[in-house]
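Structure assessment
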There are 2 protein chains.
Amino acid sequence: MRPTVHDIAAEAGVSLATVDRVMNARPGVREKTRLKVEQAIEKLGYVRDVAAANLAKGRSYPFTFILPCNDNAFMAELRSAVIQADARGRVERTRITIVDVPAFDAEALADALLAAGESETAGIALVAIEADPVRAAVRSLTERGIPVVTLVSDLEDSTRDHYAGVDNPSAGRTAATLLGRFLGPQKGTIGVLAGSLSVRDHQNRFDAFSEAMEAHFPGLAILPPMEGRDDASRARQLVSKALAENPDMIGLYSLGAGNRGLIAALEEARENGREVVTIAHELSPHSRAALESGLFDVVLNQDAGHEVRSAIRVLKAKADGLPVIAAQERIRIDIFIKDNLP
Amino acid sequence: MRPTVHDIAAEAGVSLATVDRVMNARPGVREKTRLKVEQAIEKLGYVRDVAAANLAKGRSYPFTFILPCNDNAFMAELRSAVIQADARGRVERTRITIVDVPAFDAEALADALLAAGESETAGIALVAIEADPVRAAVRSLTERGIPVVTLVSDLEDSTRDHYAGVDNPSAGRTAATLLGRFLGPQKGTIGVLAGSLSVRDHQNRFDAFSEAMEAHFPGLAILPPMEGRDDASRARQLVSKALAENPDMIGLYSLGAGNRGLIAALEEARENGREVVTIAHELSPHSRAALESGLFDVVLNQDAGHEVRSAIRVLKAKADGLPVIAAQERIRIDIFIKDNLP
DNA sequence: CTGTTAGCGCATTCAA
DNA sequence: TTGAATGCGCTAACAG
């Protein structure tokens, strides 16, 4: 049997309460006594049973997740990941309230942040939008000691405690390398479809993609980026038009959402005997099908479940004043081709 | 506050014990009473606190992991993943004993299995070797109701309860697609370096790789596979020799361990102005460096941590007689290039 | 068939 | 400065 508080109390010749005081670094213990207890802990190799501790504490962590009412597949998955995390949360004693805000609406997001700050909350996660009102709201929260983490999309120059999302420049470079190598010696132009370049992660992906492309694949020229606003019909139009206007376009990097429209445009092109090497983001039923049918060549993915779990771990650590191990919270970029689909 | 057993006992007008019996599907409850309790559970939206339940049960799951004393990086990581899992095991009440066996020794493995079966164990995980004594040992365990899962390497035609490892044919196909696409229109031959083709996972990878290659990239011919026994110096010799003898060799798939020797051979070749597109398995400090220096183009990886955690989840489920959700336990093949390294 | 009762390992009043 | 006692939510003897 593993040692319990009783064992170390007996070993140190003190009571449970004293042991507890030492363990939780609370005042009211003589230096001598504390030493005895610490030695007993060391000697018996005691480690506290977190589950039992939480049970006794009865403490729970009411977190708030502010999510945009976007109807794309990725946001749906993110939302479902949050719900699942909440369901599993009984053990960890976390409780999550989801707050919906209109997409791309900085004012609404800022308001939601402030409102969440007024409610009983142990920490807040948000999909950030780069805007001053949002930065101000975040500042007011962190100043009151409420932990704040950005999820999926970061907020630069802000006081947020942590960013739980992928390294977007790395994603852009990954796309560049794969596209360049798949195209090999071919020369031509490359189309880029973004949601909006005023969104930080899209901008970051694009910059890194361009830079890597220019550096390593001089035979491939990048066309001016299209902005599809993550909207299917708009994306479809833009891509169709680009294909028509650029007969030398042999590659396409779609770095935002709105894959449905893109897929429609590619299907149409294929019927006309036109194929371009395509890399898109986020695995969903649609993009998966596109991968299997060869319309997409690669899908880069961020695992929404990982991001949510990481956000929760960090919020909890911050709420408890504990440090976070950065390396462990790093979110990877998954590469999928048709052969390694999960 | 969430409802507790007390609340539902009150609501149903019965005692705690009865509630407990219903919840754990134990006998000795009248159908009528059971219904009342179930309705109360439904009505109050009760979900049991697993942590508290485990605490009260005091049950622990003493598992045994049988690992080969291989000194390669992957096995080291696997071992460390097991140790970490054990450390986290306090909450889940799992305790893991690691048993070491000589690598590639079927008799020793079989003996270790039987010995583990004699000790107090709630389940056993093993890195399997395809051999009849092993199959027999596994059978004797499963017949006694001890859950057995294979880890990393499977045991076909056996009574093991589950395989926690990657889909090796899928890995082989992934390698074929990437190699073929990276080489593009080039024609030439492809070398294959295996550990031993008598190991099931290596054989599976090779078969799928060959098949996909022939089907989709007819311009690339596969050379007879080399068997490096996961040994560095042997691998180095084999690869150097193959490079010398096959001037038209433009690609290489290393599907086993022993990357150090391979890297040495590739470095030597590079100094002589020779480069081949290379895909290897398992991310380690060595393979990572090779990726960064361009000696490796792609590394396929199985996440040892995932495999271990999955094995534990399955063992626990089997020990409790619960079903496992196959889709959730599927181990992915990670693709790494220099740009998406974690 | 059902209820009472005593813990699991820990945190926390309230006394001493 | 320290200790005894009580309870968190649940399970499992042991009675009835």
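Now for a quick tour of the structure. (Residues numbered from 1 in each chain as written. Chains lettered and ligands numbered in written order. Predicted model: local features only at pLDDT ≥ 70, side-chain atom pairs only at ≥ 80, totals over all residues. Heavy atoms only, no water.)

In this section: the overall build of chain A. A tally of regular secondary structure across chain A gives 13 helices and twelve strands. Based on the C-alpha atoms only, the size of chain A along its principal axes is roughly 85 × 40 × 35 Å. Burial statistics for chain A: of 342 residues in total, 53% are counted as buried. Carbon together with sulfur atoms contributes 51% to the accessible area of chain A, which is approximately 15,400 Å² in total. In chain A, the 40 positive side-chain charges and the 47 negative ones have mean positions that sit 8 Å from each other. (Helix = DSSP H or I, 4+ residues; strand = E, 2+ residues; numbered from the N terminus. Buried < 20%, exposed > 50% of the residue type's maximum accessible area, 1.4 Å probe, protein only. Areas by Shrake-Rupley, 256 points an atom, 1.4 Å probe, with all protein chains shown as cover. Lys, Arg positive; Asp, Glu negative; His and termini not counted. Charge placed at Lys NZ, Arg CZ, Asp CG, Glu CD.)

Across all of its chains, the model carries five aromatic pairs over all chains by this definition. Relative to F63 of chain A, the ring of Y61 of chain A has its centre 6.0 Å away and its plane inclined at 35°; by these criteria the two rings are tilted. An angle of 65° between the planes, with centres 5.8 Å apart, marks the rings of F182 of chain A and F182 of chain B as edge-to-face. Placement of F182 of chain A in helix 8 (residues 168-183) and of F182 of chain B in helix 8 (residues 168-183) is noted, with the two residues assigned to different chains. Taken as a pair, F182 of chain A and F182 of chain B share a single burial class, namely buried. (Phe/Tyr/Trp six-rings, centres within 6.5 Å; stacked < 30°, edge-to-face > 60°.)

Once that is clear, we can look at the protein's contact with DNA strand D. In the neighbourhood of DNA strand D, 26 residues make up the surrounding shell, with R21 and T33 of chain A together with V5, R26 and Y46 of chain B lying closest. Counting only atoms of DNA strand D within 4 Å of the protein, the fraction found in sugar and phosphate groups is 68%. Contacts to DNA strand D include V5 of chain B, whose backbone N or O atom sits 2.6 Å from a phosphate oxygen. Secondary structure elements with two or more residues in the surface near DNA strand D: helix 2 (16-23) and helix 4 (50-57) of chain A together with helix 2 (16-23) and helix 4 (50-57) of chain B. A per-element tally of the surface near DNA strand D places helix 4 of chain B first, with four residues. Its residues assigned to classes, the surface near DNA strand D comprises 13 nonpolar, six polar and seven charged. (Near = heavy atom within 4 Å. Polar contact = N/O pair within 3.5 Å; in protein donor to acceptor, adjacent residues only side chain to side chain. Nonpolar A, V, L, I, M, F, W, Y, C, P; charged D, E, K, R; others polar.)

With that out of the way, let us pick up helix 10 (residues 232-245) of chain A. Residues and elements named next belong to chain A. With 14 residues, helix 10 extends 20 Å from end C-alpha to end C-alpha; this agrees with the ideal 20 Å at 1.5 Å per step. Of the residues making up helix 10, those classed as buried are A235, V239, A242 and L243. With its buried residues spanning 100° around the axis, helix 10 presents them on a single face. Facing away from the buried surface of helix 10 by more than 90 degrees, the exposed residues are S233, Q237, K241, A244 and E245. Looking at the buried side of helix 10, the elements it contacts are strand 6 (188-194), strand 8 (226-227), strand 9 (249-254) and helix 11 (259-271). (Expected span 1.5 Å × (residues − 1). Arc of directions from axis to C-beta. Contact = heavy atoms within 4.5 Å.)

The next thing to look at is the relation of the copies chain A and chain B. Think of it as a corkscrew move, a rotation about one axis and a shift along it, taking one chain copy to the other. Expressed as a screw transformation, the operator carrying chain A onto chain B has a rotation angle of 180° and an axial translation of 0.2 Å, and the superposed copies differ by an RMSD of 0.4 Å. Here the symmetry operator amounts to a two-fold rotation axis. Of the residues that chain A buries at the interface, 100% are likewise interface residues in chain B, meaning the two copies contact each other through the same surface. (Least-squares fit on C-alpha atoms with pLDDT ≥ 70 in both.)

With that out of the way, let us pick up the sheet that holds strand 3 (residues 123-126) of chain B. All names here are of chain B. Taking strand neighbours across the sheet as the criterion, the five strands line up as 2-1-3-4-5 in an open arrangement whose pairing is parallel. The two strands at the open ends of the sheet, each matched to only one other strand, are strand 2 (94-101) and strand 5 (162-164). The average angle at which neighbouring strand axes cross in this sheet is 25°, direction not considered. Of the pairings in the sheet, the one linking strand 4 (residues 148-151) to strand 5 comprises three bridges and is parallel in character. Looking at the pairing, L151 lines up with A164 of strand 5. Running over the sheet, helix 13 (residues 304-319) touches strand 1 (61-68), strand 2, strand 3, strand 4 and strand 5 and is turned about 140° from strand 1. (Pairing = 2+ DSSP bridges. Axes fitted to C-alpha atoms, helices over the stretch in contact; angles between N-to-C directions.)

The immediate surroundings of DNA strand C are formed by 26 residues, with V5, D20 and Y46 of chain A together with R21 and T33 of chain B found nearest. Among the atoms of DNA strand C close to the protein, meaning within 4 Å, 64% are from sugar or phosphate groups. Between DNA strand C and the protein, one listed contact pairs a phosphate oxygen with a side-chain N or O atom of D20 of chain A at 2.7 Å. Between a phosphate oxygen of DNA strand C and a side-chain N or O atom of Y46 of chain A, the distance comes to 2.4 Å. Elements with a minimum of two residues in the surface near DNA strand C: helix 2 and helix 4 of chain A together with helix 2 and helix 4 of chain B. By residue class, the composition of the surface near DNA strand C is 13 nonpolar, six polar and seven charged.

What follows is about helix 4 of chain A. Residues and elements named next belong to chain A. For helix 4, the set of buried residues is A51, A53 and N54. The arc that holds the buried residues of helix 4, viewed along the axis, is 160°, so those residues lie on one side. The N-cap of helix 4, judged by a side-chain oxygen 3.0 Å from the amide nitrogen of A51 a few residues on, is D49. Looking one or two residues past helix 4, G58 carries a phi angle of roughly 70°, positive in sign.

Let's shift gears to the pattern of salt bridges. Per the stated rule, a full pass over the model turns up 38 salt bridges over all chains. Residue D339 of chain A is joined to K338 of chain A by a salt bridge in which the shortest nitrogen-to-oxygen separation is 3.4 Å. The partner of E329 of chain B in a salt bridge is R313 of chain B, and the shortest N-O contact between them spans 2.9 Å. On the criterion of sequence distance, the pair formed by E329 of chain B in the loop between helix 13 and strand 12 (334-336) and R313 of chain B in helix 13 is long-range, its members being 16 residues apart. Classification of E329 of chain B as buried rests on a relative accessible area of 8%. Given the relative accessible area of 40%, R313 of chain B is considered partly exposed. In this structure, a network of salt bridges that share partners links the residues E130, D132, R135, E156 and R200 of chain A. (Salt bridge = Lys/Arg side-chain N within 4 Å of Asp/Glu carboxyl O.)

Residue and element names in this part refer to chain A. Reading across the sheet, the five strands line up as 2-1-3-4-5 and stay open at both edges, with parallel pairing between neighbours. Whereas interior strands pair on both sides, the edge strands pair on one side only; in this sheet they are strand 2 (94-101) and strand 5 (162-164). Sheet twist, expressed as the average angle between the axes of neighbouring strands with direction ignored, equals 25°. Against the sheet, helix 13 (residues 304-319) makes contact with strand 1 (61-68), strand 2, strand 3 (123-126), strand 4 (148-151) and strand 5, and its axis sits at roughly 140° relative to strand 1, the strand it touches most.

All names here are of chain B. Taken N-terminus to C-terminus, the directions of helix 8 and helix 9 (residues 200-216) make an angle of 40°; their axes are 7 Å apart at the nearest point. Between helix 8 and helix 9, the angle falls in the class oblique. For the element pair helix 8 and helix 9, the recorded crossing hand is right-handed. Contacts between helix 8 and helix 9 pair N168, P169, A171, G172, R173, A175, A176, L179 and G180 from the former with D201, N204, R205, A208, F209, A212 and M213 from the latter. Here the residues of the contact of helix 8 with helix 9 sort into nine nonpolar, four polar and three charged. (Parallel < 35°, antiparallel > 145°, perpendicular 65-115°, else oblique. Left-handed = near helix turned anticlockwise from the far one by under 90°.)

In this complex, chain A contributes 34 residues to the contact, which on the side of chain B involves 34 residues. For the pair chain A and chain B, the two sides together bury roughly 3,500 Å², of which 52% comes from carbon and sulfur. A salt bridge links D334 of chain A to R332 of chain B; the nearest nitrogen and oxygen atoms lie 3.3 Å apart. Joining chain A to chain B, the criterion identifies twelve residue pairs in polar contact (both at pLDDT 80 or more). Only helix 4, helix 5 (73-92), helix 8 and strand 12 (334-336) of chain A provide two or more residues apiece to the side of chain A that touches chain B. In terms of residue count, the dominant contributor to the side of chain A that touches chain B is helix 8 of chain A (seven residues). Considered class by class, the residues forming the side of chain A that touches chain B number 16 nonpolar, four polar and 14 charged. (Buried area = accessible area lost by both parts, 1.4 Å probe.)

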